[in-house]
Each structure stands twice: as C-alpha cells, then as structure tokens.
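# Structural features, examined
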Amino acid sequence: MGNCCRSPAAVAREDVKSSNYSGNDHGRKDKYSAGNKQKQITVLTDVKKENVEERYLVDRELGRGEFGITYLCIDRSSRELLACKSISKRKLRTAVDVEDVRREVAIMKHLPQNSSIVSFKEACEDENAVHLVMELCEGGELFDRIVARGHYTERAAAAVTRTIVEVVQLCHKHGVIHRDLKPENFLFANKKENSPLKAIDFGLSIFFKPGEKFSEIVGSPYYMAPEVLKRNYGPEIDIWSAGVILYILLCGVPPFWAESEQGVAQAILRGAIDFKREPWPSISEGAKNLVRQMLEADPKLRLSAKQVLEHPWLQNAKKAPNVPLGDVVKSRLKQFSMMNRFKRKALRVIADFLSNEEVGDLKEMFNKIDTNNDGIVSVEELKAGLKLNSQLAESEVQMLIEAIDTNGKGTLDYGEFIAISLHLQRMANDEHLHKAFSYFDKDGNGYIEPDELRDALMEDGADDCTNVANDIFQEVDTDKDGRISFEEFAAMMKTGTDWRKASRHYSRGRFNSLSVKLMKDGSINLGNE
C-alpha cells in the first residue's frame, strides 16, 4: 500500500486542527459552547508527550481503521522493524472514545508476553495523536493464508482453532474478555509456512471480575453470542465467537446468517446449526461435537477455554483428517473475506466524511434541545426537539429515546448524544453512502464495474481478486446487469453489515440500532431504529 513517506505525526498534523472533546468532561454545556477554545486533550496520563519520529523512523502505511493508521516503523536505536498504530485525537470525539484508547493500552500492557498475541512495545503521545508501537506481523490475514494454500484440511482448521482458544484462555486467566474475536483480528507473524498466528486487536476488550456481567452490545454481528444480544454476558462470549470461527473454518460460511441485521440476530437467538450442507457430511463427528458445545446457547453449559483445549478433537489434532475440505470451502472463505474487505473499505471512506463541521452542527442541535442548559437531554426535551428541529427524523428521535431507556440514567449527555447521532449519520445518511459509492465508481458513470471493484480490493493488498470480484458481483448485483448500482451498493451496506462496529463508541453498544427486548412471556422482540 502506498503513502510510504507520510508519517503518523505528519498525518495527524494535517488531520487535527481542533478537538471537540475537552478530555475529562462528559457533557457540561459550557465546555461545548460555540467559540469556546478547547483545552488540548491528554489521553495517556502516565507517558510524557514526545515526537514519535525522534525514536522511530516511520515508513509506509500498512493498514487503516476508523480511528488510526498503522505504519511500518523502525526503532532508530535497535533497527528493529515494528508496527505503529497512530490514533488521531481528532477522531476521539467523546469520553467513551478516550476511555477505550486508555483501556486498550492498559490491557496490552497487562497481558503477558505470549507467542499467540502481538507483543506490545510502548505507547507514545504527542499533541495530535496517540501512537501504539508493537510487534510487526507481515504474514497476512488468517483467511488470506488459508485460501492461498493448495491443501486445506480439517487438521489445519484444528491447529488454527487451538491458537485462537489459547488466546481466549490467556485473556480469561488474566481477567480480560476480548469481546471482538473474528478472523480479521488474527495475523500471521511472517510469510513462512509455520508462522505463528497472533491476535492483534484489543480495542474492544475489557477487564472483568469473576461473576461480573456486562450489557454493552459489542463485537461483530456474525460472531455475537446470544447473551450479548440479551445484554447480560460474561467471558463465555469469547468461546461462542471462537466456535463461529471454527464453523467458518470448516465450511466457509457463518453458522448464523440472514439478509438483514435483524435476521442475523434472530438466527443467533434461534441457534439452529446447519450440519447438512457440504462439506459437513464428510467432516468428523469430533469436529461437529466441538462446534455444538462451543455454540451452546446457555453460557453456563458452554465449554470453557480449558475444556475446549481438552476436547478429543483438539487433543488429537494431528490425527484429524488430512483430506482437503474441497474447493467449495476455499471459494466460500475467499468470498466471505473479500466481502468483509469491501464493506470495511466503504466504511472507512464514509468515516472520512464525518467532519468537524458535522459535529459542530450536532453541537448546535444539542444546545437547542437542551432547553434548561444543564448539559444533558431528557426524553421530554428530546420529544420537544423533534417538533422544533426538522433535522431530526422521527426514527432518529426514537433511537435516541431507546438509548435513554437502556442506559439506565434516563438522560443522554453531550458525548452520548454525539455518539449515537454520528452513528445515525454514518449508516442512514444517503449522502455519505453516495460519497463511498463514488470512491469505487472511478469513471463516474453511476455504477461500480467489475474492474473497479477488483482494483479497489487490490489496493488493500489482496491478490488475484478477479474471481472473487466476480463472486461478489453475483451476490450484490441483484438485477444481474453486470454492474452494481447505488441502490444495490446501499442494500449491501445495510445488509448483514456491522451494526455499529465502524467506530469504538458505537461498538460499546450504549446506543443500539438493534433493540432486543425480553417480553413478559419470555419471548424476544427485535426492533430496529
């Protein structure tokens, strides 16, 4: 990927002109009044501010996410090759964002050195960004390695599963729930055939105590445990997510899938696992038994990490069938991986358009709704705001009201209001979807052509994208005219995509476009925004 001479510090200097967050205030109105000069935010209180480039030579861009850009960097003293994840402070708009970064650093420092977890070197901070310096993993993503192999077997799937569950065991032993286990969060350390597989992202992880329960909806929808949707969960959710990954490793598709996010949630809550489609009839009973026990709906009955590692199928992994699972599985894995890549890239494009101007508009809206000037918004003020402010659609107000109903406080402060409103703008604003669509529609003819999609996927470092681009077209091009219209693109973005995972404060789940309510008769009612 290009941009070899743009350092994180340089990008941050370009990117950060002002901050809308004062650092330690959750919404007092006077802190956010127009024209009030903001104090420079400090994220990490235990490190001195310094220029990261004084200690590291920063090279080319390796990857890009919602908050940060990851660069190749070189330790000037030891000449060691490392990775530097630089998080722009301009993107840390709320107290939740800042706390998430602090917790990510704390967890990476807390977890012990292990061959299955990317090693953390240090955190640096300057005026414009926080920089996390860590071990460089240059062997590629999990699925990319699998589909590149000519011989992919049940035995190989067992080896990958062992590594993932060992990471879970280590996290749980040290009081950490990962909360976002998915294939994209595992990279190979190098390009060697026997390269170790490493967990790389702890941005949604959280500390826990025995018996402690959490209610935030977090993670990615395909990998989400049913108790997450019910807002009452503990560390057992990581085993469920690992079970979903194992299912995908064995057959190439997720166990719980649907045409909409509500459909995915319904499938997860129903918990019916399909072992009839190919290649399941030819997969060993031991593998299927382990999948069933990892995807046990009752977390009390679900296997622990220790029990998974003691399961006969993993204990005897070297004796697992070494027969290729077939081209259909590899083809499914590649398509699944590429579709995720397509959506992730589109979400990054959309994120770039969430400018400070838009946050400024939301600030003005908050000030108008907060009629008693106390820095918080009640349900009554919100409902009155709908009548006074045409910018708020009724569905948006309903979503804000649901957030008030579920956060336990009966109000929304400024940071919470911004977080949910940005989520609404991100996924419901056709203007942003049009801008993302235009990124792929290079010739501006109103359609994404196969070669345009292929070239965009190749920009992210993917190889041999022609066949996969064609497969994606078969799925997204619903009218079968050989091109993707805006309507088809928008449907893809709103179908089975991450519910609010493009940003940590949406992933924290305090504000949910998907509302899961337990009814008096014990049934579950799913509502949307």
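Here the structure is a predicted model, which means the values were calculated and not measured.

Let us look at the overall build of the protein. Along its length, the protein carries 20 helices and 13 strands. Out of the 529 residues belonging to the protein, those deemed buried represent 58%. Within the protein, contacts between residues separated by at least 24 positions form 69% of all contacts whose residues are at least 6 apart in sequence.

The linkage connecting E278 with the following residue, P279, adopts the cis geometry, with an omega of 5 degrees. Examined against the element boundaries, P279 turns out to sit in the loop between α7 (261-270) and α8 (285-294). Phi at R179 takes a positive value of approximately 75 degrees, unusual for a residue other than glycine. Along the chain, R179 turns up in the loop between β6 (176-177) and β7 (186-188). Phi at R231 is positive, roughly 60 degrees, even though this residue is not glycine.

Now for the packing of aromatic side chains. The full count for this structure, using the stated rule, is 10 aromatic pairs. Ring plane angle 50 degrees and centroid distance 6.1 Å describe the contact between F440 and F489, whose orientation is recorded as tilted. Of this pair, F440 sits in helix α16 (residues 430-440) while F489 sits in helix α19 (residues 486-493), placing them 49 residues apart in sequence. Considered together, F440 and F489 belong to a single accessibility category, that of buried residues. Among the aromatic residues, those joined into a cluster by ring pairs are F437, Y439, F440, F486 and F489. If you follow K442 out to its NZ or CZ, it ends over the ring of Y439, 4.0 Å from the centre. Above the plane of the ring of Y447 lies R483, whose end atom (NZ or CZ) is 3.5 Å from the centre.

Taken together, the five strands give an open sheet; going across it, the order is β1-β2-β3-β5-β4, and neighbouring strands pair in antiparallel fashion. With partners counted over all chains shown, the strands left at the sheet margins are β1 (56-64) and β4 (120-125), one partner each. Neighbour-to-neighbour, the strand axes of this sheet turn through a mean angle of 25 degrees, independent of strand direction. By the bridge criterion, seven bridges tie strand β3 (residues 81-88) to strand β5 (residues 129-135) in an arrangement that is antiparallel. Across the sheet, residue L82 finds its bridge partner in β5, namely E135.

To continue, consider the side chain of S195. You can see S195 is positioned in the loop between β7 and β8 (197-199). What makes S195 buried here is its relative accessible area of 8%. Dropping the residues within four chain positions of it, S195 is found in contact with R145, F188, A189 and N190.

Okay, the pattern of salt bridges next. The full count for this structure, using the stated rule, is 14 salt bridges. Residues K288 and E285 are paired through a salt bridge, measuring 3.1 Å at the closest nitrogen-oxygen approach. Taken as a pair, K288 and E285 lie in helix α8 at a separation of three residues, close to a single helical turn. The shortest N-O distance in the salt bridge between K306 and E310 comes to 2.6 Å. The class for E310 is partly exposed, based on a relative accessible area of 44%.

Looking now at the pairing of β5. Along any regular strand the residues' side chains alternate between the sheet's two faces. The element β5 is largely enclosed, with a buried count of six among its seven residues. Pairing geometry for β4 and β5, over five bridges, is antiparallel. Bridge pairing links C124 to H131 in β5. The antiparallel hairpin formed by β4 and β5 contains three residues in its connecting segment.

At a closest axis distance of 10 Å, the pairing of helix α4 (residues 154-173) and helix α6 (residues 236-251) adopts a crossing angle of 170 degrees. As judged from the angle between their axes, α4 and α6 are roughly antiparallel. Viewed along their axes, α4 and α6 form a crossing whose handedness is right-handed. Residue-level inspection shows E154, A157, V160, T161, I164, V165, V168 and H172 of α4 in contact with α6, the latter providing D238, I239, A242, I245, L246, L249 and L250. Here the residues of the contact of α4 with α6 are counted per class, giving 11 nonpolar, two polar and two charged.

Another aspect to go through is the state of the cysteines. Across all of its chains, the model carries zero disulfides by this definition. You can see C84 has no disulfide; the closest cysteine sulfur is in C73, sitting 5.1 Å from it.

Our next topic: the packing of α6 against α8. Where α6 meets α8, the closest approach of the two axes is 8 Å, and the angle between their N-to-C directions is 150 degrees. With respect to the hand of their crossing, α6 and α8 are arranged in left-handed fashion. For the pair α6 and α8, contact is made by I239, W240, A242, G243, L246, Y247 and L250 and by A287, L290, V291 and M294, respectively. Taken together, the residues that form the contact of α6 with α8 break down as 10 nonpolar, one polar and no charged.

Attention now goes to α8. Every buried residue of α8 is listed here: A287, K288, L290, V291 and M294. Along the axis of α8, the buried residues cluster in a sector spanning 160 degrees; they form a single face. Each element contacted by the buried residues of α8 is listed here: α4, α6, α9 (305-309) and α10 (312-315).

Further remarks concern the confidence of the model for the protein. Residues with a pLDDT of 70 or more make up 65% of the protein, whose mean pLDDT is 75. Counting contacts from residues 1-39, a segment whose pLDDT is below 50, to residues more than four positions away or on other chains yields 88 contacts. Low confidence marks residues 496-529, where pLDDT is under 50. Its contacts with residues over four positions away, or in another chain, come to 128 contacts.

Given a rise of 1.5 Å per residue, 16 residues ought to cover 22 Å, and the 22 Å separating the end C-alpha atoms of helix α2 (residues 95-110) matches this to within 8%. Among the residues of α2, A95, V96, D97, V98, D100, V101, R103, E104, V105, I107 and M108 are the ones counted as buried.

Thresholds, definitions, all that
Note on numbering: residues in each chain are counted from 1, in written sequence order. Predicted model: local features are reported for residues with pLDDT of at least 70 only, side-chain atom pairs are reported and counted for 80 or more only, and whole-chain, interface and lining totals are derived from all residues. The side-chain quantities take in all heavy atoms of the structure and omit both hydrogens and water. For helices the rule is a DSSP run of H or I covering at least 4 residues; for strands it is a run of E covering at least 2, with both sets numbered from the N terminus onward. Whether a residue is buried, partly exposed or exposed follows from its accessible area with a 1.4 Å probe, protein chains only, as a fraction of its type maximum: under 20%, in between, or over 50%, in that order. Any two residues having at least one pair of non-hydrogen atoms within 4.5 Å are treated as being in contact. Centres within 6.5 Å are what make two rings of Phe, Tyr or Trp a pair, Trp counting through its six-membered ring; a difference in plane orientation under 30 degrees is then read as stacked, over 60 as edge-to-face, and the rest as tilted. Each ring is checked for a lysine NZ or an arginine CZ that lies within 6 Å of its centre and within 35 degrees of its normal; such an atom marks a charge sitting over the ring. DSSP bridges decide pairing: two strands pair if at least two such bridges lie between them. Inter-axis angles, ranging from 0 to 180 degrees, are taken between N-to-C directions of lines fitted to C-alpha atoms, where helices are fitted over the stretch in contact. Salt bridge, as used here: a side-chain nitrogen of Lys or Arg that lies within 4 Å of a carboxyl oxygen of Asp or Glu. Here the angle decides the label: under 35 degrees means roughly parallel, over 145 means roughly antiparallel, 65 to 115 means roughly perpendicular, and every other value means oblique. What makes a crossing left-handed is the near helix being turned counterclockwise from the far one by less than a right angle; a clockwise turn instead makes it right-handed. Throughout, the ten residues Ala, Val, Leu, Ile, Met, Phe, Trp, Tyr, Cys and Pro are labelled nonpolar, Asp, Glu, Lys and Arg are labelled charged, and all others, Gly among them, are labelled polar. Sulfur atoms of two cysteines make up a disulfide when they are within 2.5 Å. This arc describes the spread of directions from the helix axis toward the C-beta atoms. pLDDT is defined as a per-residue confidence score from the predictor, taking values between 0 and 100. Each residue after the first adds 1.5 Å to the expected span of a helix.

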